[in-house]
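Residue-level listing of the chains:
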Amino acid sequence: MLIWIGSLLLLGTLLFYYLLQQSKKPSGRVGIFMMRLWNKVYMPLVKWSLTMTSSIKKGNKILDIGVGNGASSRYLSTLASEIQVTGIDISKQAITSAQKLQSEANIDYQIMDVQDLAFDNQSFDLITAFQTHFHWPNLTKSLQEIHRVLKKDGRVIFASETAKIQYFLPRHKQPTQFEKELKALNFHHFTVHQTAQWTCYIFTK
Ligand SMILES: C[S@@+](CC[C@H](N)C(=O)[O-])C[C@H]1O[C@@H](n2cnc3c(N)ncnc32)[C@H](O)[C@@H]1O
């Protein structure tokens, strides 16, 4: 009996770490399946968070980080005319899937790590990250890169499930703790919006 319980616990732990790894960097058929599942679960979060800002304007250049199969980038590309969206993800499988689903000419997808962005300084008007920032190995370095490629007065939107922030980033349990870190990196005008499940941070350079 004890052996059975032990085996079940071990299996459960292995499954948890496997799914966590997929969430950090989707791969293979399971990754493709997970990304489709995220579209259902996270697109309402994406749409809700984008109602919190009126900053998307004609001709804006947007960087969407950690795009999975690109659903958020496709949505962003429809929000104003002449928008250019660049969607990046560390996972090759994610970018391959995003490119397969792509039908819009104003989106460009690239495999890239947020910690090392291959863009010129001050390239983007808006930078978004949906359900991903808590997975980045070095959040400070990632934010420095975001600051570098964001235009002056440009805006950043991070939105994710509150439970994930609390689990993966316990130092940000209180939004004021994150605000302090952002101020030290020269970001301004921090606002936080919350529902029972979601948190959306908006801040500017
Ligand atoms: C939970 S998924 C969310 C995907 C998508 N934003 C959505 O809402 O469906 C997290 C995504 O962030 C990506 N990611 C994780 N670390 C990253 C990094 N350092 N740079 C870029 N993308 C990263 C993963 O590959 C994965 O596709």
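All values derive from a computational prediction rather than experimental measurement.

If you had to explain helix 7 (residues 175–184) to someone new, which residues and values would you point to?
Listed in full, the buried residues belonging to helix 7 are Pro175, Phe178 and Leu182. Buried residues of helix 7, seen end-on, are gathered within an arc of 60° and therefore sit on one face of the element. Opposite the buried face of helix 7, by more than 90 degrees, sit the exposed residues Thr176, Lys180, Lys183 and Ala184. In this structure, the buried side of helix 7 is in contact with helix 5 (139–149), strand 5 (150–161), strand 6 (188–194) and strand 7 (198–204). Asn186 sits one or two positions beyond helix 7 and adopts a positive phi of about 70°.

Go over the pairing of strand 6, please, and point to the residues and values.
When strand 6 meets strand 7, the two strands line up antiparallel, connected through 5 bridges. Each residue of the ladder has a partner; that of Thr191, found in strand 7, is Ile202. Taking the residues that link successive antiparallel strands as the turn, the strand 6-strand 7 hairpin has 3 residues.

Describe in detail the packing of helix 1 (residues 2–24) against helix 2 (residues 28–50), supporting the description with residues and values.
The description of two packed helices rests on the angle between their axes and on the distance between the axes. Their axes nearest at 10 Å, the elements helix 1 and helix 2 cross at an angle of 75°. Classified by the interaxial angle, the pair formed by helix 1 and helix 2 is roughly perpendicular. Residues Tyr18, Leu19, Gln22 and Ser23 of helix 1 form the contact with helix 2, whose participating residues are Val30, Gly31, Met34 and Trp38. Residue composition of the contact of helix 1 with helix 2, by class: 5 nonpolar, 3 polar and no charged.

Quick rundown of helix 2? Include the residues and the values.
Along helix 2, the largest kink reaches about 45° and is centred on Tyr42; proline Pro44 follows within four residues of it. Restricting attention to buried positions, one finds in helix 2 the residues Gly31, Met34, Met35, Trp38, Tyr42, Met43, Leu45, Val46, Trp48, Ser49 and Leu50.

Lay out the UniProt feature "domain: Methyltransferase type" (unreviewed entry) in the protein chain with the relevant residues and their values.
Feature annotation in UniProt assigns "domain: Methyltransferase type" (unreviewed entry) to the following positions: residues 63–158. As annotated, residues 63–158 comprises 28% helix and 31% strand, and the C-alpha atoms at either end are separated by 12 Å.

Give me the pairing of strand 2 (residues 84–89): which residues, what numbers.
Counting buried residues in strand 2 gives 5 out of 6 residues, a clear majority hidden from the surface. Across 5 bridges, the pairing between strand 1 (residues 61–65) and strand 2 is parallel. Pairing of Asp64 across the sheet is with Gly87, part of strand 2. Chirality of the crossover, the property in question, places the unit of strand 1, helix 3 (residues 71–76) and strand 2 among those that are right-handed. One ladder, built from 5 bridges, connects strand 2 with strand 3 (residues 107–111); its direction is parallel.

Quick notes on the rules
- Residues numbered from 1 in each chain as written.
- Predicted model: local features only at pLDDT ≥ 70, side-chain atom pairs only at ≥ 80, totals over all residues.
- Heavy atoms only, no water.
- Buried < 20%, exposed > 50% of the residue type's maximum accessible area, 1.4 Å probe, protein only.
- Helix = DSSP H or I, 4+ residues; strand = E, 2+ residues; numbered from the N terminus.
- Arc of directions from axis to C-beta.
- Contact = heavy atoms within 4.5 Å.
- Pairing = 2+ DSSP bridges.
- Axes fitted to C-alpha atoms, helices over the stretch in contact; angles between N-to-C directions.
- Parallel < 35°, antiparallel > 145°, perpendicular 65-115°, else oblique.
- Nonpolar A, V, L, I, M, F, W, Y, C, P; charged D, E, K, R; others polar.
- Bend = angle between axes of the 7 residues up to and from the residue.
- UniProt positions renumbered as here; feature names shortened; annotations may be inferred.
- Right-handed = clockwise from strand over helix to strand, strands pointing away.

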